[in-house]
Amino acid sequence: MAQGAGKRTRREVVLVVALAVAVAAFLSRAAVGHRFFDLEIYYGALRYWAHDGGELYDWLKRDTRYGFTYPPFAALLMLPMAYLPWPVVLLSYLTATAVATGLILWWLVDPVSRRMGWTRWFAFTVAFLLAAAYEPLTETVDFGQINMLLLALVAADLLRLVAAGSRWGGVGVGLATSIKLTPGIFIVYLLVTARWRAALTASGTVAAVTLLAAAVAPDTSREFWLMALWNTDRVGELEFISNQSLQGLVARLDPPYPSLWWLSLVAAAVAVWIRRARAATASDDEMTGLALTGVAMCLVSPVTWVHHLVWLIPALALLVDHALRARAGSARRRSLLAFAAVAYLVLISRMVWIWEYDWRGVVGFLGSNAYVFVSVALLVALPVRSRSGQAPHVRRLQDVTHLR
């Protein structure tokens, strides 16, 4: 048996090394280095605020129109950056993002590897390498964005605290919303799934830390909530190809009455999300509720840059999980694995950039919005365990009890 285990380990090591080489080769050709553009914005704005006595939201990166866009509470959390040298800031960011990514993948992959009898380190390493090739994640790291940190914060809250009925359930969602407004959809998720205490805790957390920021930095808070928040020029053009939301799709299509089109699409997406999120919660399928809400957030947000699509990672992992729960060789397993593979390949392909400057025609419309269509497909077709339990489910609550 020891000899067989040794052969298995050697085979796994060879496969991991081969995959690592393949991913490195792929990234050497596909990745676009943004040189931590956004992290430099945070750093420059915070230093201007802390050392030069300037207003946080007045600072713009040289030769650009981009400045600090997060709420004042986020600035308070990031303020230590202003007192550290750039190499330390960069190393801290990369370490924190790697840890957050590792945690999320472990929560997603480890229950599957235990159930399937896979070597746990091997399954995790393969998942990590596949994630490294995922364009939204590479964009997150290249820009120096905080998406994975927020995803880890929300996931830990929903899967551990809210699922366990903890009195602290909702705090993580509230903090994430106070750092960046878009995770506020998870407060709505708690409301529509009737987790009233967690929703109240999340809302109370937002109110408390926002008031704290206002007390510490009243002028900065006033400028953000009354002026900077409403200045859409600070975030870029809606039709820019990186905006893979329903609003971006409508802006590139440029139909008559674009606001009506966008609101109609958002209403349809929200209706589907509420129905499916409630079904997931009714089946104690908290991981799928998290995944569906992340997908919905990417669709309904007016601006969803490609790097924001890291919120699709749970949905992609759950597709594979659900496929592996199906009978071996069944049409269900094959179709779900094909769905996961196609979605993943589209999202690492950088294909939307082919139409960066010209998205006219049917092919241009389909290609330039490819990531939007993947999000729509995940929202509609990500499996949810049925009430009766007759259909194989995606993720039982017991799968995440190791978090407790």
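Predicted, not measured: the structure shown is a model, and the values here were computed from it.

What counts and how
Residues numbered from 1 in each chain as written. Predicted model: local features only at pLDDT ≥ 70, side-chain atom pairs only at ≥ 80, totals over all residues. Heavy atoms only, no water. Phe/Tyr/Trp six-rings, centres within 6.5 Å; stacked < 30°, edge-to-face > 60°. Helix = DSSP H or I, 4+ residues; strand = E, 2+ residues; numbered from the N terminus. Buried < 20%, exposed > 50% of the residue type's maximum accessible area, 1.4 Å probe, protein only. Axes fitted to C-alpha atoms, helices over the stretch in contact; angles between N-to-C directions. Parallel < 35°, antiparallel > 145°, perpendicular 65-115°, else oblique. Left-handed = near helix turned anticlockwise from the far one by under 90°. Contact = heavy atoms within 4.5 Å. Nonpolar A, V, L, I, M, F, W, Y, C, P; charged D, E, K, R; others polar. Salt bridge = Lys/Arg side-chain N within 4 Å of Asp/Glu carboxyl O.

Here we take up the packing of aromatic side chains. Enumeration according to the criterion identifies 15 aromatic pairs in this entry. On the numbers, 5.5 Å between centres and 35° between planes, the contact of F186 with W311 is tilted. A residue pair is termed long-range when its members are at least 10 positions apart, and F186 in helix α9 (residues 185-192) and W311 in the loop between α14 (286-300) and α15 (313-325) qualify at 125 residues. On the accessibility criterion, W311 (4% relative accessible area) is buried.

Looking now at the packing of helix α12 (residues 246-253) against helix α13 (residues 258-282). Two elements in contact, α12 and α13, have axes separated by 9 Å at closest approach and are oriented at 150°. One finds that α12 runs roughly antiparallel with respect to α13. Crossing geometry of α12 relative to α13 is assigned as right-handed. Every residue of α13 that contacts α12 at L246, Q247 and V250 is listed here: P258, W261, W262, L265, V266 and A269. Partitioning the contact of α12 with α13 into residue classes produces 8 nonpolar, 1 polar and no charged.

Turning next to unusual backbone geometry. Residues other than glycine predominantly adopt negative phi, and peptide bonds predominantly adopt the trans conformation. In this structure, F36 is a non-glycine residue whose phi angle is positive, near 55°. For F36, the position within the fold is in the loop between α1 (2-30) and α2 (37-51). One non-glycine residue, D254, lies in the positive phi region at around 55°. Mapped onto the fold, D254 is located in the loop between α12 and α13. Judged by its relative accessible area of 59%, D254 is exposed.

This part covers the environment of W49. Structurally, W49 is set in helix α2. Separated by 262 residues in sequence, W49 and W311 place their C-alpha atoms 31 Å apart. Non-local contacts of W49, meaning those with residues more than four positions away in its chain, are made with G54, L56, A75, L76, L79, A217 and T220.

Below, the discussion takes up the pattern of salt bridges. With the rule as written, the count across this model stands at 11 salt bridges. The partner of D110 in a salt bridge is R114, with the nearest N and O atoms 3.1 Å apart. Residue D110 and its partner R114 are located together in helix α4 (residues 86-116), separated by 4 residues, close to a single helical turn. Its relative accessible area of 2% is what places D110 among the buried residues. When the shortest N-O distance is used, the salt bridge between E139 and R350 registers 3.5 Å. On the criterion of sequence distance, the pair formed by E139 in helix α6 (residues 135-143) and R350 in the loop between α16 (331-348) and α17 (361-368) is long-range, its members being 211 residues apart. Taken as a pair, E139 and R350 share a single burial class, namely buried.

No statement about biological role is implied by the geometric values presented.
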